[in-house]
Amino acid sequence: MAPSAPVVTRFAPSPTGFLHIGGARTALFNWLYARRFGGAMLLRIEDTDRERSTESAIAAILDGLSWLGLDWDGDVVYQFARAERHREVVETLLATGGAYRCYATPEELAEMREAARREGRPARYDGRWRDRDPSEAPAGAKPAIRLRAPQEGETVIEDAVQGRVVWQNKDLDDLVLLRSDGNPTYMLAVVVDDHDMGVTQVIRGDDHLTNAARQAQIYQALGWGVPRMAHVPLIHGPDGAKLSKRHGALGVDAYRELGYLPAALRNYLVRLGWSHGDQEMFSQDEMIAAFDLGQIGRSPARFDFAKLENLNGHYMRQSDDESLVEAIGRLLPTLGPARGLGPELTPALRGMLLRSMPGLKERAKTLVELLDSAYYLYAPSPLALDAKADSILDAAARARLGAVRALLAETAEWNAAALEAAIRAHAERTGLKLGQIAQPLRAAVTGRGTSPGLFEVMEILGRETSLARIDAQARTGDTAPMNAA
RNA sequence: GCUCCCAUCGUCUAGCGGUCUAGGACGUCGCCCUCUCACGGCGAAAACAGGGGUUCGAGUCCCCUUGGGAGCGCCA
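Residues numbered from 1 in each chain as written. Chains lettered and ligands numbered in written order. Predicted model: local features only at pLDDT ≥ 70, side-chain atom pairs only at ≥ 80, totals over all residues. Heavy atoms only, no water.

Per an unreviewed UniProt entry, the recorded name for chain A is Glutamate--tRNA ligase, and the organism is Enterovirga rhinocerotis. UniProt lists a comment for chain A under the heading Subunit (unreviewed entry), and it reads "Monomer." Taken directly from UniProt, the Sequence similarities (unreviewed entry) text for chain A runs: "Belongs to the class-I aminoacyl-tRNA synthetase family. Glutamate--tRNA ligase type 1 subfamily." (UniProt positions renumbered as here; feature names shortened; annotations may be inferred.)

Given below as structure tokens:
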């Protein structure tokens, strides 16, 4: 259903850490909904917790959104900067009787909760200052300001995802709007900011569902309209438990370093909790055209790396060679050192990578795998053999290598077609299977048991390097195979 | 403990009372292709949590049980 008024959504992370995967999906949903209906997505940083908010977290969130390709409209709103306005709103509430001063001490509050729990009652503030005369206020004590919430009737949220959710007002207590130190609480700040920013549709994690009820009461006290709500189930780890750092609660920057493409992550995320019939693959435009709140599921989804990898492989195969080489280049500062590579691609390596990319990208699921599978292009000399290559190169294989070496050296044209023709002819002559010759050659030339097509590899490596590597393995007896150091 | 939410293959999901002997995707397992590994193609195993209702008819609606999850701060 298309909203009647212009749509305004917002993504409102608190900058106490990186942009995690659940936040990324929430941002994506907000972004898609705004784009779908020609509206705007605003970005608000909820930095009212001065202790835990950091500049680096803000930077990480902004970077993460940009990397994912999610842009926001207008300037970033910083919630802390709006504290004055929040206090002003509380003043009006105090004036109309919608709020009152509460002098209960933290000790009293703790006692209240403990007693409630002991007696099996819901833990809530008992309203002891709700109707007390201000003259009874302890001298010099700074009060917190609480909402005078309705005590009868019910509070209802018509949620686009969860449906109609009802709370009995007797189960909800008088929440704090302004702390005794004069700072606004989150509950108040969200309401005022969403209202002032003209937010028409709130889309957020369903850990906020119960907050929605309390916020609705604030809206009502203020005489403001409540925005439409959509509470999206959280993402769980593979074990069904809450996402932890071990399995998926990584920052989006970590996914970047793991070698995932933004397009793949977007596609994976959009299908986590949302569906459009049987469609699995979505270009950015397709997502926007198809997205709506009604197709979001109500049950939590588990994060599955295997599916993300599959999707990533798909998007890599789809990518043009040039952009994959660029993507590897951007990852080199973090991936290079461990692989004996500098922070930048040398022109020579870049060239070989580009020529090899059609064969390479077919076989890798991530950019990291892509770089590792190209090992033979940048391997230092002497080439290290992995276990598989080592086992392929037994005495018989090395002997065959010797025979093939001379024949390869004689081929006039060093290109894939000519090399293949020469080897095939040799196989036919000797009655060997192609694999009996190709596998030892592959092991000698790449140091691995698997690689892109052998003849393309040899063409790109060039005559000199290829023959040198074959020589290193063909000579038996006096030269031991080099094992990975 | 209290309040609220949820429940289809291992995983993501389609299904919005009859077209469901439940469909797709990932993963898994076979086979084909093949110089290896991938890709691709073909095929297989794999689910409506349990119990009551409602209805001519229930995966689809209602209730209970069980099992998950979230929230219960002068955190956000």
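## With respect to the overall build of chain A
When its secondary structure is counted, chain A shows 20 helices and 12 strands. Here the C-alpha radius of gyration of chain A, 32 Å, is well above what a compact globule of 485 residues would show, namely 23 Å. On the principal axes, the C-alpha backbone points of chain A span a range of 105 × 45 × 40 Å. By sequence separation, contacts in chain A at least 24 residues apart represent 75% of the contacts at least 6 residues apart. Looking at chain A as shown, the accessible area adds up to about 22,800 Å², and 51% of this sits on carbon and sulfur atoms. (Helix = DSSP H or I, 4+ residues; strand = E, 2+ residues; numbered from the N terminus. Rg over C-alpha atoms; globule rule 2.2 N^0.38 Å. Contact = heavy atoms within 4.5 Å. Areas by Shrake-Rupley, 256 points an atom, 1.4 Å probe, with all protein chains shown as cover.)

## Describing the sheet that holds strand β1 (residues 8-11)
An order of β1-β2-β3 is seen for the three strands of this open sheet, with the pairing classed as parallel. Lying at the two open borders of the sheet, with one neighbouring strand each, are β1 and β3 (77-78). Where β1 and strand β2 (residues 40-45) come together, four bridges link them in parallel fashion. When the bridges of β2 are listed, T9 appears paired with M41. Sitting on the sheet, helix α2 (residues 55-68) touches β1, β2 and β3, and the angle it makes with β2 is about 160°. (Pairing = 2+ DSSP bridges. Axes fitted to C-alpha atoms, helices over the stretch in contact; angles between N-to-C directions.)

## Structural notes on the domain arrangement of chain A
If you check the domain split of chain A, you get domain 1 (8-75 + 235-306), domain 2 (80-232), domain 3 (319-378) and domain 4 (387-484). Placing the centre of domain 2 and that of domain 3 at their C-alpha centroids yields a distance of 54 Å. (Domains from an automatic or database assignment.)

## Here we look at the protein's contact with RNA strand B
Around RNA strand B, 66 residues are found, and the nearest of them are R179, G273, E362, R363 and S451. Protein-proximal atoms of RNA strand B, defined as those within 4 Å of the protein, fall in sugar or phosphate at a share of 73%. G273 is positioned with one of its backbone polar atoms (N or O) 2.5 Å from a phosphate oxygen of RNA strand B. Per element, the largest residue contribution to the surface near RNA strand B is five residues, and it comes from helix α18 (residues 434-446). (Near = heavy atom within 4 Å. Polar contact = N/O pair within 3.5 Å; in protein donor to acceptor, adjacent residues only side chain to side chain.)

## What to know about the packing of helix α5 (residues 186-196) against helix α6 (residues 209-222)
It is the contact of α5 with α6, at a shortest axis distance of 10 Å, that shows an interaxial angle of 60°. What the angle tells us is that α5 and α6 run oblique. Our pair here, α5 against α6, has a crossing hand that is right-handed. Of the residues in α6, those touching α5 at Y186, M187, L188, V190, V191, D194 and H195 are N211, R214, Q215, I218, Y219 and L222. Residues that form the contact of α5 with α6 fall into these classes: eight nonpolar, three polar and two charged. (Parallel < 35°, antiparallel > 145°, perpendicular 65-115°, else oblique. Left-handed = near helix turned anticlockwise from the far one by under 90°. Nonpolar A, V, L, I, M, F, W, Y, C, P; charged D, E, K, R; others polar.)

## Thoughts on the packing of aromatic side chains
Enumeration over the complete set of coordinates arrives at 12 aromatic pairs. When the centroid spacing of 5.3 Å and the interplanar angle of 55° are considered together, the rings of W274 and F282 count as tilted. For F282, a relative accessible area of 2% translates into the label buried. With a centroid separation of 6.1 Å and 80° between ring planes, the pair formed by Y375 and Y378 is classed as edge-to-face. Highlighted residues: Y375 and Y378, both in helix α14 (residues 375-378), separated by three residues, approximately one helical turn. Taking the relative accessible area as the measure of exposure, Y378 reaches 13% and is therefore buried. In this structure an aromatic cluster arises from ring pairing among Y255, Y260, Y268, F303 and F305. Sitting above the plane of the F80 ring, R50 keeps its charged end 3.8 Å from the centroid. Over the ring of Y125 we find R146, and its NZ or CZ is 3.6 Å from the ring centre. (Phe/Tyr/Trp six-rings, centres within 6.5 Å; stacked < 30°, edge-to-face > 60°. Buried < 20%, exposed > 50% of the residue type's maximum accessible area, 1.4 Å probe, protein only. Lys NZ or Arg CZ within 6 Å of the ring centre and 35° of its normal.)

## Examining the environment of D133
Turning to its location among the elements, D133 is positioned in the loop between α4 (106-118) and β5 (144-147). Between the C-alpha atom of D133 and that of S283, which follows or precedes it by 150 residues, the distance is 63 Å.

## With respect to the layout of surface pockets
Estimated volume of the largest pocket: approximately 1,200 Å³. P13, S14, H20, D207 and H208 are, among the 37 residues lining the largest pocket, the residues nearest its centre. For the lining of the largest pocket, the element with the highest residue contribution is helix α1 (residues 21-36), accounting for four residues. Per-class residue counts for the lining of the largest pocket are 15 nonpolar, 12 polar and 10 charged. When residues of the lining of the largest pocket are assigned to domains, at least three fall in each of domain 1 (8-75 + 235-306) and domain 2 (80-232). Considering only enclosed or pocket space, the second largest pocket measures out at about 270 Å³ in volume. Lining the second largest pocket we find 15 residues, and of these L261, P262, S323, A327 and R330 sit closest to its centre. Considering every element that reaches the lining of the second largest pocket, the biggest residue donor is helix α11 (residues 321-335), with five residues. Mapped onto the domain boundaries, the lining of the second largest pocket takes at least three residues apiece from domain 1 (8-75 + 235-306) and domain 3 (319-378). (1 Å grid on protein atoms, 1.4 Å probe; cavity = no way out; pocket = protein on both sides within 12 Å on 5 of 7 lines; lining within 4 Å. Points joined across faces, edges and corners; volume = space filled by probe spheres on them.)

## Things to note about the pairing of β1
Side chains V8 and R10 project from β1 onto one buried face, and the interleaved T9 and F11 project onto a second face that is buried too. Between the parallel pair β1 and β2, the chain is carried across by α1, and the sense of this crossover is right-handed. (Right-handed = clockwise from strand over helix to strand, strands pointing away.)

## A closer look at the packing of helix α16 (residues 395-410) against helix α17 (residues 416-430)
Remark: α16 packs on α17, axes separated minimally by 10 Å, with the N-to-C direction vectors making an angle of 140°. Taken together, the axes of α16 and α17 are oblique relative to one another. Here α16 runs over α17; the crossing is right-handed. Contact residues: A403, V404, L407 and L408 in α16; L419, A422, I423, H426 and R429 in α17. A class-by-class count of the residues in the contact of α16 with α17 yields seven nonpolar, one polar and one charged.

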